[in-house]
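Coordinates in review
Single-letter residue listing:
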Amino acid sequence: MKDVLFDLRHVGKRYPTARSAIARLWDRGASTAVEDVSLTVRAGDALAIVGESGSGKTTLARLMVKLQEPTSGTLNYRGVSLAQPTAGQLRDFRQRVQMVFQSTHASLNPRKLIARTLRESYGEQHEPPSLKEVLDMVRLPISVAGKLPHELSGGQRQRVGIARAIARRPELLIADEPTSALDVSLQREVIQLLRELHRSAGLTLVVISHDLAMVGSLCDSIAVLHGGRMVEHGSAREVLYRPRQAYTQQLIAAIPRGLAGRPALAV
Ligand code: ADP
Ligand code: MG
């Protein structure tokens, strides 16, 4: 049996609705972004988390990389609780798990040369990869290193985001809508890149998307989020061709049909 990396039990996240701390004391109201999600990710998996906008996908991703703390439930990584890790456990986790963000505008520092952004992402490796090695992995020319984010195309920036995440040689990559800002041909390139990293480097993937067609071609299993709850979870084949929930059927119905009448999977 392959190693269990993530083990999520009954994970929930509520955001306070009132704006100020004082108002919150009176108004205990809160909105639920993620509710009662239980999920296991094993080494070598390629898991898709799908759902429409607002279904809690980004919140779940941020909980999984410990950018936010859950308000209920537990997250374990390789058997270690993420609630109160030791400094050493946290350092180890931050090397093993990396995230690619939805918006490169928000995640790449506009004033830093790409070379510097990449070097700062190496962490504490004994033998960090060279800039050329990292850029080669994502099929970018070395000339990109001397540029600022705004001098690159959207597709190039997204690949820098992926390069930065894989420069630490993580074992698991969480990609939040990695292609949503890109046009169709660039989307295919990024999907192809993720597929290669999964197949050749053995990288475990958690790919978040509102686009079932895109993830259906990349991932082995699919979890469907609806209103913060996981309403369906199974192999990609099961979920795409024999969905159990009406909600999943609606998502699938929105995929353009191929000639055979089956959903036309991207790539
Ligand atoms: P998705 O990525 O699927 O679009 P999100 O996780 O971004 O969904 O959002 C889920 C729900 O949580 C939405 O209703 C959103 O408005 C709410 N939400 C997300 N982030 C915050 C926040 N920082 N404060 C308050 N509410 C939030
Ligand atoms: Mg999102």
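Use the structure listed above.
Residues numbered from 1 in each chain as written. Chains lettered and ligands numbered in written order. Predicted model: local features only at pLDDT ≥ 70, side-chain atom pairs only at ≥ 80, totals over all residues. Heavy atoms only, no water.

1. Details of the overall build of the protein
Quick reminder of the rule: In this description a helix means any DSSP run of H or I spanning at least four residues, a strand means any run of E spanning at least two, and both kinds are numbered starting from the N terminus. Note on method: radius of gyration uses C-alpha positions; expected globular size equals 2.2 Å times residues raised to 0.38. The Shrake-Rupley method, run with a 1.4 Å probe sphere, supplies the accessible areas, and residue values consider only the shown protein chains as cover. Charge assignment: positive for Lys and Arg, negative for Asp and Glu; neither His nor the chain ends contribute. One atom stands in for each charge, and that atom is NZ of Lys, CZ of Arg, CG of Asp or CD of Glu.
If you tally the helices and strands in the protein, you get 11 helices and 10 strands. For 267 residues, the compact-globule formula gives about 18 Å, and the C-alpha radius of gyration of the protein, at 19 Å, lands near that figure. By principal-axis analysis of the C-alpha atoms, the protein measures approximately 55 × 50 × 40 Å. Split by element, the accessible area of the protein, about 13600 Å² in all, is 50% carbon and sulfur. Separation between the mean location of the 36 positive side-chain charges and that of the 25 negative ones in the protein comes to 2 Å.

2. Concerning the packing of aromatic side chains
Aromatic rings in a pair are described by how distant their centres are and how their planes are angled relative to each other. Definition in use: Between 30 and 60 degrees the pair is tilted, below 30 it is stacked and above 60 it is edge-to-face, where a pair is any two Phe, Tyr or Trp rings, Trp via its six-membered ring, whose centres lie within 6.5 Å. Only protein chains enter the accessibility calculation, which uses a 1.4 Å probe; a residue whose area is less than 20% of its type maximum is buried, one above 50% is exposed, and one in between is partly exposed.
Throughout the structure, instances matching the rule amount to 3 aromatic pairs. Between Phe6 and Phe93, the aromatic rings sit 6.3 Å apart at their centres with planes inclined by 85 degrees, giving edge-to-face as the arrangement. Remark: Phe93 occurs in helix H3 (residues 87–96) and Phe6 occurs in strand E1 (residues 4–16); sequence separation between them is 87 residues. Across this residue pair, the class does not change: Phe6 and Phe93 are buried. The class of Phe93 is buried, set by a relative accessible area of 4%. Among the aromatic residues, those joined into a ring-pair cluster are Phe6, Tyr77 and Phe93.

3. Some thoughts on helix H7 (residues 154–166)
Applicable threshold: Take the residue count of a helix, subtract one, and multiply by 1.5 Å to get its expected span. Residue contacts are defined here by distance: any two heavy atoms, one from each residue, within 4.5 Å place the two residues in contact.
The terminal C-alpha atoms of H7, which comprises 13 residues, lie 19 Å apart, in line with the 18 Å expected from a rise of 1.5 Å per residue. Most of H7 sits inside the fold, with 11 of its 13 residues counted as buried. Buried residues of H7: Gly155, Arg157, Gln158, Arg159, Val160, Gly161, Ile162, Ala163, Arg164, Ala165 and Ile166, and no others. Each element contacted by the buried residues of H7 is listed here: strand E6 (97–100), helix H4 (104–107), helix H5 (114–120), helix H6 (131–137), strand E7 (172–176) and helix H8 (184–201).

4. Thoughts on the site of ligand 1
Stated formally: If a single non-hydrogen atom of a residue is within 4 Å of a molecule or strand, that residue counts as near it. Whenever two N or O atoms come within 3.5 Å, that pair is a polar contact, provided that in protein one can donate a hydrogen and the other can accept it, and provided that, for residues adjacent in sequence, both atoms are side-chain atoms.
The immediate surroundings of ligand 1 are formed by Tyr15, Ala33, Glu52, Ser53, Gly54, Ser55, Gly56, Lys57, Thr58 and Thr59. Between ligand 1 and Gly56 there is a distance of 3.1 Å, counted from an oxygen atom to a backbone nitrogen or oxygen. Thr58 places a side-chain nitrogen or oxygen 2.8 Å from an oxygen atom of ligand 1. In isolation ligand 1 has 560 Å² of accessible area, and contact with the protein removes 57% of it. Looking at the shell around ligand 1 element by element, the count peaks at 3 residues for helix H2 (residues 57–64).

5. Thoughts on the packing of H7 against H8
How we decide: Note on definitions: angles span 0 to 180 degrees between N-to-C directions of axes, and those axes are lines fitted to C-alpha atoms, for helices only across the stretch in contact. In these notes the angle categories are as follows: under 35 degrees is roughly parallel, over 145 is roughly antiparallel, 65 to 115 is roughly perpendicular, and the rest is oblique. By definition, turning the near helix anticlockwise from the far helix through less than a right angle yields a left-handed crossing, and turning it clockwise yields a right-handed one. Gly is placed with the polar residues, together with every amino acid not listed as nonpolar (Ala, Val, Leu, Ile, Met, Phe, Trp, Tyr, Cys and Pro) or charged (Asp, Glu, Lys and Arg).
Running from amino to carboxyl end, H7 crosses H8 at an angle of 15 degrees, the nearest separation of the two axes being 10 Å. On the basis of their axis angle, the class for H7 and H8 is roughly parallel. Like other packed secondary-structure pairs, H7 and H8 cross with a definite hand, here right-handed. The residues of H8 that touch H7, namely those facing Gly155, Gln158, Arg159, Ile162 and Ile166, are Leu186, Glu189, Val190, Leu193, Leu194 and Leu197. Among the residues making up the contact of H7 with H8, the classes are represented as 7 nonpolar, 2 polar and 2 charged.

6. Here's the deal with H2
Most of H2 is tucked away, with 6 of its 8 residues classed as buried. Just past H2, the residue Lys66 takes up positive phi, approximately 60 degrees.

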